[in-house]
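Single-letter residue listing:
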Amino acid sequence: MATSVLLQANISYVESLLQRPTINKLSQLNKNRWNMAFQVIYCSRAFFGPRKRKVSPKPSHTLLAIDVENQQPTYFPSVDLATLTHLVKEKELNNLLKFEGVEGIASSVKTDLNRGITADPEDIQRRQEAFGENTFRKPPAKSFFHFVYEAFKDPTILILLVCAGLSLGFGMKEDGPKEGWYDGGSIFVAVFLVISVSAISNFRQSRQFDKLSKVSNNIQVEVVRNGRRQFISVFEVVVGDVVCLKIGDQVPADGLFIDGHSLTVDESSMTGESDYVQVGRTENPFLFSGTKVADGYARMLVTSVGMNTTWGQMMSTISIDSDELTPLQERLNKLTSSIGKVGLLVAFLVLVVLLIRYFTGNTKDGNGNIEFRGGETKVDDVINAVVGIVAAAVTIIVVAIPEGLPLAVTLTLAYSMKRMMADQAMVRKLSACETMGSATIICTDKTGTLTMNKMKVTKFWVGQESMEEISYTSISASFLQLIHQGVGLNTTGSVYKPASGSEFEFSGSPTEKAILSFAVLKLDMDFEELKQSYTLLKVEAFNSEKKRSGILMKKNLDSTIHVHWKGAAEMILAMCSNFYDSNGDKKILDGTERKKFNQLIQGMAASSLRCIAFAQKEVSLDEKPHQKIEDESLTLLGLVGLKDPCRPGAKKAVEDCQYAGVNIKMITGDNVFTARAIATECGILKPNQDNNIGEVVEGEQFRNYTHEERMEKVDKIRVMARSSPFDKLLMVQCLKQKGHVVAVTGDGTNDAPALKEADIGLSMGIQGTEVAKESSDIVILDDNFASVATVLSWGRCVYNNIQKFIQFQLTVNVAALTINFVAAVSAGEVPLTAVQLLWVNLIMDTLGALALATEKPTKELMEKKPVGRSEPLITNIMWRNLIAQSFYQIIVLLTLQFKGEEIFGVNERVKDTLIFNTFVLCQVFNEFNARKPEKKNIFEGIHKNKLFVGIIGVTIVLQVVMVEFLKKFADTERLNWGQWGACIGLASVSWPIGFLVKYIPVPEKPFFSFFNWQNLKFMYKR
């Protein structure tokens, strides 16, 4: 009660304070605090106000309204979500100053700019509740019914449904509901099965794309939490996080620049402007989610995440298009269209012939009576007969149109994408799956791809003396201090020592981590003391073109200024005019000494070591702010040699690719001696191979060739050393001009042009920047060249599986069309009913695609030469196989059609069942032939493909059910054991025919090129 009295006594005074004009002079931080106090006081008045003891006969109700819009939980009382969001979005520099800069914002969101947030679960949860999570709402995924609706839009399906409806109506009217529904109902069921299978396949593919997009969007971000640099998922970033940015990174959220050097950002994804934007502490400290770091490095404070950023709002309106058509799918769509036109023509001719025969009285019913008799036949009977004829013609179109081709491509791509993910390769663009199978050249990086990217300093040279570990203590303190400066200050890495006293943790690139660990553990460098004792005035960040990094720094104690450079040994050596010897004495670097150093560098490089040199110079502070750091007349401090061992499986993967007819070219930034040593170790170069044939070149040398010289020599080059990203791009362009299908690996931002130019861009998942990943088609998740070889085998497998299915599908198409057309013209009837043809369609399209499109890569695939750009999709071998099988099936089925009743002594219904059963079983046996288009042993490896065996089993079981148990539904008659044996025997002849025709040689020249059929060119051009 005393508290209530006290609060009420001071309310008036507080209110007057809040309304004073001087409040405008208060900082935004204090205003927020006063507003919070004001709300608390008013709440207190409401709860602790005077209460009357006498109860009123009419209760009075008091409504307390408090405006809590944008009110944050009391954990962040001094700042709200709207203020933070608006601050960066609108680039409100003045408001930032009112908050006392980035330090004031950091204080408001309870962040230590040096140590980051505490990152305990409660802290993270409070931040997510107050400011949101770093995710964005996605448009709703397409439901299963969407794909059902898409399947219904097929014109042939709609016509069949109309025919089924008419047949159902007339049948029930004529024969009653109990018996009359069979014809129409069976078509409905068959159409339902076709639609269901199509919708399920497309729905599953859509879901798989959604899963892949989640994986590809799950970027790893480096943050500082509790004083420790660590990687977390981009979805786990919260407001208040301190994020470390470097070249090639994508900015994970909106935020403010804390510190860094030479930070340049590409905002084209947000603004559409191609010019890079400089970001700094004073003029433009604002960073936006979704933009890319083009140069420099920095730390940023996150102020807005997820849907509170412009990027989040933009991404929530964009849905990933999983309907992307690959080049192979486009070609197959054209093939489908052409075959469909042939089927349409055949169906039309069948329709015309059957109608003419019906209306001229040349058709009889099951009892042998003429079906149409002028004015005697009922209208219902005429309409029913016409509907049946139309349904038969439409069904021929359904069978003729090989819609299974696109489905087979979809299935094999989806299957291969899933398996490639398990094999450490994430497909970003579908077309890459099939194109990779045609690759003739792979241009690969060295570091991390052929090597393990686990650097370790194994050599340390001061002057021309190799310093062994036992002699590190003999280095003078003043000279050691210069080494510490060069290592600890000229770096983008960091060192973290846990308070518990456990081992040091090093962060940064593998090279940076190796050098830092060497300096800390062997040379007793104190990283934190260095940072406090010196101030960086200017930084020139490392990139793959310059191959060096430099700093201008001031010693806080005496204000002396030093320049430090670090980078590729021969480049740093060229910048030096002096060097320190092992005693720490400065000496002149004359021609003789320079030659000795070059020999020293070459010797380390020949031992597969990466050579890094350090140099420094004391300068006066008369440099202008935008002037370059001095890089002449430096003094060489020392050299380090870093060992990066080859990956254990790299040599075998290279040999596998070479055995498959794919040339491997190594493009690296290392010097020519290191490059040659690693290339020899990995099997790209042969040991003791002479370089007279120009297999090893330097980037500058290749760049300076004339265009004619480049085109002449590019095929011979196996190793390009000291290359820039431009050299890599130039090589890719030359190779493509020579007709090669080129795959390129890359991990840096500057590799993006080459990755885009290549037919297949392969980025590295671990060391690769976000810019490189976005420019690539496939991400190699483990950065391993063995995974590149696996992608190659999967690419060939995709292409090969599609060819298998095309051979199988076209065999059925040719046989079905020919049989129905000949029977309709000669006998006036179609031997296969609508339901039976739809069942055949289901077997060959869906089950056939599943069986043949999910074969795994085999060793013989890597024994073939690359397919190349101009190879035909339907090869001469395929034509040979499908013509032989189609011809056999047509002969057998037409014989059964015209002589079946006599041969087997059966009635017409049993004969039609024999034709149907033999036709289906022929396709089952032919599926085995399609597995191995070239090999005589079609059963090789069949036990490994359980799905194929399972589908064959399911098909046979369903066929037995169709024939023996669904008589009225399928319009069949039961067959005895002898008849089943005859059907199986006739169908099994497909195997010996398939075996024998493989002895027939085929010309290398494409089959249709003999006729020069222009309209089939699309089947050959890739």
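Residues numbered from 1 in each chain as written. Predicted model: local features only at pLDDT ≥ 70, side-chain atom pairs only at ≥ 80, totals over all residues. Heavy atoms only, no water.

1. Here we look at the overall build of the protein chain
Point 1. Helices and strands together make up the secondary structure of the protein chain, namely 35 helices and 26 strands.
Point 2. When burial is assessed residue by residue, the protein chain has 52% of its 1022 residues classed as buried. (Helix = DSSP H or I, 4+ residues; strand = E, 2+ residues; numbered from the N terminus. Buried < 20%, exposed > 50% of the residue type's maximum accessible area, 1.4 Å probe, protein only.)

2. Some details on a nonpolar patch on the surface
Point 1. Taken together, the side chains of I956, V957, V960, V961, F965 and L966 make up a nonpolar region of the molecular surface, amounting to roughly 470 Å² of accessible area.
Point 2. By secondary structure assignment, the location of V957 is in helix α32 (residues 946-964).
Point 3. Assessed through its relative accessible area of 52%, V957 is described here as exposed. (Patch = residues over 30% accessible without salt bridge, like charges linked within 9 Å, V, L, I, M, F, W, Y side chains within 5 Å. Areas by Shrake-Rupley, 256 points an atom, 1.4 Å probe, with all protein chains shown as cover. Salt bridge = Lys/Arg side-chain N within 4 Å of Asp/Glu carboxyl O.)

3. Quick notes on the packing of helix α31 (residues 908-931) against helix α35 (residues 990-997)
Point 1. Contact geometry of α31 with α35 gives a least axis separation of 9 Å together with a crossing angle of 35 degrees. Along this stretch, α31 crosses α35, giving a crossing that reads as right-handed. Here C922, F925, F928 and N929 of α31 come into contact with α35, specifically with S990, W991 and G994.
Point 2. Residue composition of the contact of α31 with α35, by class: four nonpolar, three polar and no charged. (Axes fitted to C-alpha atoms, helices over the stretch in contact; angles between N-to-C directions. Left-handed = near helix turned anticlockwise from the far one by under 90°. Contact = heavy atoms within 4.5 Å. Nonpolar A, V, L, I, M, F, W, Y, C, P; charged D, E, K, R; others polar.)

4. Observations regarding the packing of aromatic side chains
Any aromatic ring pair is given by two values, namely how distant the centres are and how the planes are angled relative to each other.
Point 1. Going through the model one piece at a time under the given rule, you end up with 15 aromatic pairs.
Point 2. Relative to F808, the ring of F805 has its centre 6.4 Å away and its plane inclined at 45 degrees; by these criteria the two rings are tilted. In this pair, F805 and F808 are both assigned in helix α28 (residues 785-827), three residues apart and thus about one turn of the helix distant.
Point 3. Given a relative accessible area of 0%, F805 falls into the buried group.
Point 4. Taken together, the aromatic side chains of F925, F928, F939, F948 and W991 make up a single cluster linked through ring pairs.
Point 5. For the cation-ring pair, R548 lies above W565, with the distance from its terminal atom to the ring centre recorded as 4.6 Å.
Point 6. Just above the ring of F948 sits the side chain of R931; from NZ or CZ to the centre is 5.5 Å. (Phe/Tyr/Trp six-rings, centres within 6.5 Å; stacked < 30°, edge-to-face > 60°. Lys NZ or Arg CZ within 6 Å of the ring centre and 35° of its normal.)

5. Overview of the nonpolar core
Point 1. V350, I396, W839, F916, F919, F948 and L975 are the most contacted members of the largest nonpolar core, which has 77 residues in total.
Point 2. In terms of residues, this core owes the most to one element, α31, which gives twelve residues.
Point 3. Once residues lying within four places of it in the same chain are set aside, the contact partners of I396 are G343, V346, A347, V350, L817, N820 and L837.
Point 4. In this structure, L332, A653, C682 and I684 belong to the second largest nonpolar core, which totals 61 residues. (Core = buried A, V, L, I, M, F, W, Y, C linked by side-chain atoms within 4.5 Å.)

6. Considerations on the packing of helix α30 (residues 876-904) against α35
Point 1. Contact geometry for α30 and α35: axes closest at 10 Å, N-to-C directions at 145 degrees. Taken as a pair, α30 and α35 cross one another with a handedness that is right-handed. In contact with R880, N881, A884, Q885 and Y888 of α30, α35 contributes S990, I993, G994 and V997.
Point 2. Of the residues contributing to the contact of α30 with α35, the split by class is four nonpolar, four polar and one charged.

7. Structural notes on the pairing of strand β3 (residues 242-245)
Point 1. Because side chains alternate across β3, one face comprises the buried residues V242 and C244, and the other comprises V243 and L245, equally buried.
Point 2. Taken together, the two bridges between strand β1 (residues 220-225) and β3 define a ladder with antiparallel strand orientation. The residue bridging V224 from the neighbouring strand is V242, located in β3.
Point 3. Pairing geometry for β3 and strand β7 (residues 292-304), over four bridges, is antiparallel. Note on β7: the bridge partner recorded for V242 is L301. (Pairing = 2+ DSSP bridges.)

8. A word on the environment of L735
Point 1. Relative to the helices and strands, L735 is located in helix α25 (residues 725-737).
Point 2. With a relative accessible area of 0%, L735 lands in the buried category.
Point 3. Between the C-alpha atom of L735 and that of A758, which follows or precedes it by 23 residues, the distance is 9.4 Å.
Point 4. In contact with L735, other than residues within four places in its own chain, are I441, C443, K665, V714, D715, H740 and V742.

9. Concerning the sheet that holds strand β25 (residues 760-764)
Point 1. Strands sit in the order β8-β26-β25-β24-β9-β21-β23-β22 across an open sheet of eight strands; the sheet is mixed. Edge positions in the sheet fall to β8 (425-427) and β22 (696-698), since each has one partner strand and no second. Across this sheet, the average inter-strand angle for adjacent strands is 20 degrees, counted without regard to direction.
Point 2. In this sheet, strand β23 (residues 719-721) lies alongside strand β21 (residues 663-667) in parallel orientation, the contact comprising two bridges. The residue of β23 that forms the bridge with M666 is V719.

10. Some words on the pattern of salt bridges
Point 1. Enumeration according to the criterion identifies 28 salt bridges in this entry.
Point 2. For E630, the salt bridge goes to K617, with nearest N and O atoms at 2.1 Å. Highlighted residues: E630 in the loop between β19 (609-619) and β20 (634-643) and K617 in strand β19, separated in sequence by 13 residues.
Point 3. E940 is paired through a salt bridge with K935; the nearest N and O atoms lie 2.9 Å apart.
Point 4. Residue class for E940 comes out partly exposed when judged on its relative accessible area of 29%.

11. Points about unusual backbone geometry
Point 1. In this structure, E100 is a non-glycine residue whose phi angle is positive, near 70 degrees.
Point 2. As for its placement among the helices and strands, E100 is situated in the loop between α4 (93-98) and α5 (101-108).
Point 3. Overall, the relative accessible area of 57% leaves E100 in the exposed class.

12. What to know about the environment of D123
Point 1. Tracing the sequence through the fold places D123 in helix α6 (residues 121-131).
Point 2. We classify D123 as buried; its relative accessible area is 0%.
Point 3. In the structure, D123 is positioned 115 residues away from V238 in sequence and 10.0 Å away in space, judged by C-alpha atoms.
Point 4. Beyond its immediate sequence surroundings of up to four residues, D123 is in contact with Y75, I117 and T118.

13. Quick look at α32
Point 1. With 19 residues, α32 ought to run about 27 Å at 1.5 Å a step, and its terminal C-alpha atoms sit 27 Å apart, in line with that.
Point 2. For α32, the full list of buried residues reads F948, I951, I952, T955, Q959, M962, V963 and E964. (Expected span 1.5 Å × (residues − 1).)

14. Considering the confidence of the model for the protein chain
Point 1. Taken residue by residue, the protein chain gives an average pLDDT of 80. The fraction at 70 or more is 82%.
Point 2. Low pLDDT, under 50, characterises residues 1-29; the predicted model gives this stretch 26 contacts beyond four residues in sequence or across chains.
Point 3. Confidence drops under pLDDT 50 across residues 45-73; counting only partners more than four residues distant or on other chains, this segment forms 19 contacts. (pLDDT = per-residue confidence, 0-100.)

15. Topic: the pairing of β7
Point 1. Across the 13 residues of β7, eleven count as buried, placing the element largely inside the fold.
Point 2. Relative to β7, strand β4 (residues 254-266) runs antiparallel, the two being bridged by ten bridges. Looking across to β7, one finds that D259 is bridged to R299.

16. Quick look at the side chain of S233
Point 1. When you line up the elements, S233 lands in strand β2 (residues 228-233).
Point 2. The residues contacting S233, other than those within four sequence positions of it, are N218, I219 and Q220.

17. Describing the environment of M878
Point 1. Take M878: it is sitting in helix α30.
Point 2. Since its relative accessible area comes to 3%, M878 is described here as buried.
Point 3. In this structure the C-alpha to C-alpha distance between M878 and V1002, which are 124 residues apart in sequence, comes to 10.0 Å.
Point 4. Setting aside residues no more than four positions away along its own chain, M878 makes contact with Q803, I806, Q807 and L873.

18. Describing a positive patch on the surface
Point 1. Side chains of K138, R204, K211, K214, K418, R419, K856 and K946 sit close together on the surface and give a patch of like positive charge.
Point 2. By residue number, the principal contributor to the positive patch is helix α9 (residues 182-217), which donates three residues.
Point 3. Looking at the element boundaries, K946 is found in helix α32.
Point 4. For K946, a relative accessible area of 69% puts it in the exposed group. (Lys, Arg positive; Asp, Glu negative; His and termini not counted. Charge placed at Lys NZ, Arg CZ, Asp CG, Glu CD.)

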